[in-house]
Amino acid sequence: MKVQIEESWRNILQSEFDKPYFEKITEFVKSEISAGKIVYPSGKLIFNAFAKTPFDKLKVVILGQDPYHGAKQAHGLCFSVQRGVKPPPSLINIYKEIQNDLGISPPNHGCLEKWTEQGVFMLNSILTVRANEATSHSKIGWETFTDAVIGKISEHKRGVVFLLWGNFARSKKVLIDTQKHFVLEAAHPSPLAGNAFLGCKHFSKTNELLEKQELLLIDWDLKN
């Protein structure tokens, strides 16, 4: 099956696209749309994280669970929303931590594309969702695919910084070779986690790890 995905990722993931489970995912999503269901993000944005951060440019991974299920929010990057959409509570806490950690004041939008262009791969474990129904596509096979993605990154790259926020993301640590990569763990940024995310300093710590490898640092400031 031909999947529209960035070329360096295609080279790494083609074997997954050829497996029966992936065919079932695409059939399910198509059936939802055919039945009149609204699915987020739109088709061309399902693999947006891959388009924005090619495999050969990747140096940081932020892992989310599933897309936002409200109108005009999801665009294929975990925690990010499209411009013109109010930043959700988890993203507001991410901005608070960046300000506490680095002294960078929050932007007036919730679009995190600037990070992806610097090598931050913003992957949701589940890549689609039915409108207004959180985790509604959690059982259709996406995790099999994204677990394979994490495994491929672990296998074929070195020195990647993985940011695992919350119990769901932290459960993916078993897929990562911690002898050759860095894993930073924290509570989920959602206020429902009691704001335990605040104080993790993951943004400065990520740049410290990149600096040790003589890699370009991430400019976390989204205002320009």
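Residues numbered from 1 in each chain as written. Predicted model: local features only at pLDDT ≥ 70, side-chain atom pairs only at ≥ 80, totals over all residues. Heavy atoms only, no water.

**As for unusual backbone geometry**
Where we set the bar: Where helices and strands are cited, they refer to DSSP runs of H or I of at least four residues and of E of at least two residues respectively, numbered from the N terminus. Burial classification: accessible surface area is computed with a 1.4 Å probe over protein chains only, and a residue below 20% of its type maximum counts as buried, one above 50% as exposed, and the rest as partly exposed.
Tyrosine 40 connects to proline 41 through a cis peptide bond whose omega is -10 degrees. With respect to the helices, strands and loops of the structure, proline 41 is situated in the loop between strand S1 (39-40) and helix H3 (48-52). Of note in this structure, threonine 135 is not a glycine but carries a positive phi near 55 degrees. Considering the arrangement of structural elements, one finds threonine 135 in the loop between strand S4 (129-130) and helix H6 (142-156). Its relative accessible area of 33% is what places threonine 135 among the partly exposed residues.

**Quick notes on the state of the cysteines**
Quick reminder of the rule: The criterion for a disulfide is a pair of cysteine sulfur atoms lying within 2.5 Å.
For the structure on display, the rule yields 0 disulfides. Just so you know, cysteine 78 is unpaired, no disulfide at all, and the nearest cysteine sulfur is the one on cysteine 111, 12 Å from it. Accessibility expressed as a relative area gives 1% for cysteine 78, which makes it buried. A relative accessible area of 7% places cysteine 111 in the buried class.

**Re the side chain of aspartate 101**
This is how it is decided: The contact definition used throughout considers only heavy atoms, calling two residues in contact when any of these lie within 4.5 Å.
Along the polypeptide, aspartate 101 turns up in helix H4 (residues 89-102). The residues contacting aspartate 101, other than those within four sequence positions of it, are Lys201, His202, Phe203 and Ser204.

Worth remembering: the numbers are spatial, not functional.
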